Amino acid sequence: MEIFDEDIQLMLRFQNGEEHCFEKLVERHRDRVFNITYRYLGNYQEAEDTAQEIFIKIYNARNTYKPEAKFTTWFYTICKNACLNKLRNKKPATVSIDSTIELQENTVASQIKDSQAQSPLDSMLNNEKSLIVKKAIDSLLPNQKMTVILCRYDHLSYEEIAKVMGCSVKAVKSLLHRAMINLKENLADYFNK
Amino acid sequence: MNCRKVKKLLVPLLEGDLSKKNKEKVESHINVCIHCQKERELLSKSWQMLDSYVTPKLKDNFTANLMQKIHSEHAKIVKVTYKSAQFRFWRLVPVLASFLIMLFAGSLIWKKRMNKELISKIANNAPQEVVTTVKDEDIIRDLDLYESVDLIKNYKLVSELEVIENLNNQF
Ligand SMILES: [Zn+2]
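Here is what the cut-offs are and how they apply
- Residues numbered from 1 in each chain as written.
- Chains lettered and ligands numbered in written order.
- Predicted model: local features only at pLDDT ≥ 70, side-chain atom pairs only at ≥ 80, totals over all residues.
- Heavy atoms only, no water.
- Helix = DSSP H or I, 4+ residues; strand = E, 2+ residues; numbered from the N terminus.
- Donors = N, O, S within 2.8 Å, 3.2 Å for Na, K, Ca; no water.
- Tetrahedral: all angles 85-135°; square planar, octahedral: opposite > 155°, others 65-115°.
- Core = buried A, V, L, I, M, F, W, Y, C linked by side-chain atoms within 4.5 Å.
- Buried < 20%, exposed > 50% of the residue type's maximum accessible area, 1.4 Å probe, protein only.
- Contact = heavy atoms within 4.5 Å.
- Buried area = accessible area lost by both parts, 1.4 Å probe.
- Salt bridge = Lys/Arg side-chain N within 4 Å of Asp/Glu carboxyl O.
- Nonpolar A, V, L, I, M, F, W, Y, C, P; charged D, E, K, R; others polar.

**Quick word on the environment of A:Leu10**
Part 1: Tracing the sequence through the fold places A:Leu10 in helix H1 (residues 5–15).
Part 2: Note: C-alpha distance between A:Leu10 and A:Leu25 (15 residues apart in sequence) is 6.9 Å.

**Here we look at the coordination of the zinc ion**
All names here are of chain B.
Part 1: Looking at the zinc ion, the protein donor atoms are Cys3 (SG), His29 (NE2), Cys33 (SG) and Cys36 (SG), and they sit 2.1 to 2.3 Å from it.
Part 2: Each of the four donor atoms around the zinc ion contributes to a set of angles spanning 99 to 118°, which defines the coordination as tetrahedral.
Part 3: Expressed as a motif, the donor residue spacing for the zinc ion is C-x25-H-x3-C-x2-C.

**A word on the nonpolar core**
Part 1: Formed by 75 residues in total, the largest nonpolar core has its most connected members in A:Phe22 and A:Ile58.
Part 2: With ten residues, helix H2 (residues 19–41) of chain A is the largest single contributor of residues to this core.
Part 3: If we ignore the near neighbours within four places in the chain, the residues touching A:Phe22 are A:Phe14, A:Phe55, A:Ile58, A:Tyr59, B:Leu66, B:Met67 and B:Ile70.

**Some remarks on the interface of chain B and chain A**
Many descriptions give the size of an interface as the accessible area lost when the pieces come together.
Part 1: Contacts between the two partners involve 36 residues from chain B, matched on the other side by 48 residues from chain A.
Part 2: Taking both partners together, chain B and chain A bury about 4,200 Å²; carbon and sulfur atoms supply 67% of that area.
Part 3: When residues of chain B are sorted by the area they lose upon contact with chain A, B:Trp47, B:Met49 and B:Tyr53 head the list and together hold 20% of the total.
Part 4: Counting the contacts that link chain B with chain A gives four salt bridges.
Part 5: Among the elements of the structure, helix H1 (3–14), helix H3 (34–49) and helix H4 (62–125) of chain B are those that each provide at least two residues to the side of chain B that touches chain A.
Part 6: Among the residues making up the side of chain B that touches chain A, the classes are represented as 16 nonpolar, seven polar and 13 charged.

Next up, the structure:
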C-alpha cells in the first residue's frame, strides 16, 4: 500500500523529535482509525475514545517502530489490540437503542451534509440499509468482525491480515468464510422481503 | 460436485481464491442447480451490501483534543514521577527512624545480655579464683622483678646522666 510510504518518513521524523509529524500522521489516519473502531465497537463515544487511545499508543510506542517493519502491519496491529481490549472490558448489552438513535442522527446529518443531491427518500433508504448492515456486523464474533473490517473496508491482503491478527493465512480464510456465511444469514431477511 | 461441496467453495469463488479446475467445476454445478445459484447470489449481495454501511463523521476537533490530552498526560507523568520521587524519600523517613530505634533497642538488649553473660561468667569463674591466686602471686612477683629489671636498666642511664650533670656543674 503506497499511501503508507509517506507514513514511514513521518514516523522516522517523529522518532527524531519532530512532534508536528505526529500531528500530520493523526490527520492522515484519524478517519481510517475511527471507521475501524466504530465498525468494531458500534458506538460513537467508545469509538472516539478508542481512536484517541490508539493514537496515544502510537505516540508512546514511537520508539518500538522500526522502518524495516511494515507501517501497515504495525499500525493495524495497534488498532486491532485496542479494539479487542475495549470489547473485552466492555459491559455486555450496552449497544442498543442509544447507539441506534445516535447512528441514525449522525448518519442522517452527515449524509445531508455530504450529498445534497440525494432525495430524502434515498437518504432514508440508505440510512435503513446502513443500520441493517451495522446490526449484521455487530452480531459477528470479535475475530470474524475484525477480519471483515480489515478485508472489506481497509482492503488488506490475506497475508497482511494474518500478520495483524497473529494467525495463519488459512485461519484468516476460515474466519472470513464463516463471517460471510453469518452475514448472509443476518441479512437474509432484508433480501427476502 | 454435490451441493454440500459447492456451498463450501462459494466464498472462495467470490473471493477469487479457487483453482481454475475447481472454479470450472463449481460454476458448471451452479449453472444447473437453482438452490446453489440462489446461495451464491445471497452471499454476493450481502457482501456487496457492506458498502452501504455509513459511519458517522468524526468531530473536527479530534486532533486538537488528542494533542491536548497527550500533552496534559505527559505533564502529569512528569509531575507524578517527581512527586513519587519525593514521596519515595519521605516514605523512607519512618523506615529509617524505626531502623535506628530498633538498632538502639537492639544494642541495649545486647549490652544487657553481655552484662548478664559477664556476670554469670564471673560467677562461674569465682571458685577458680582460689587456684589462680597462686598464679597471680607469681605474676605479681614476676612483675616486681620486671620493674626491678627496669630500675636496674635505668640505673645505668640515670648514673650516666648524673655523671654528665656533675661534669656540667664542674664547668
Ligand atoms: Zn447445488
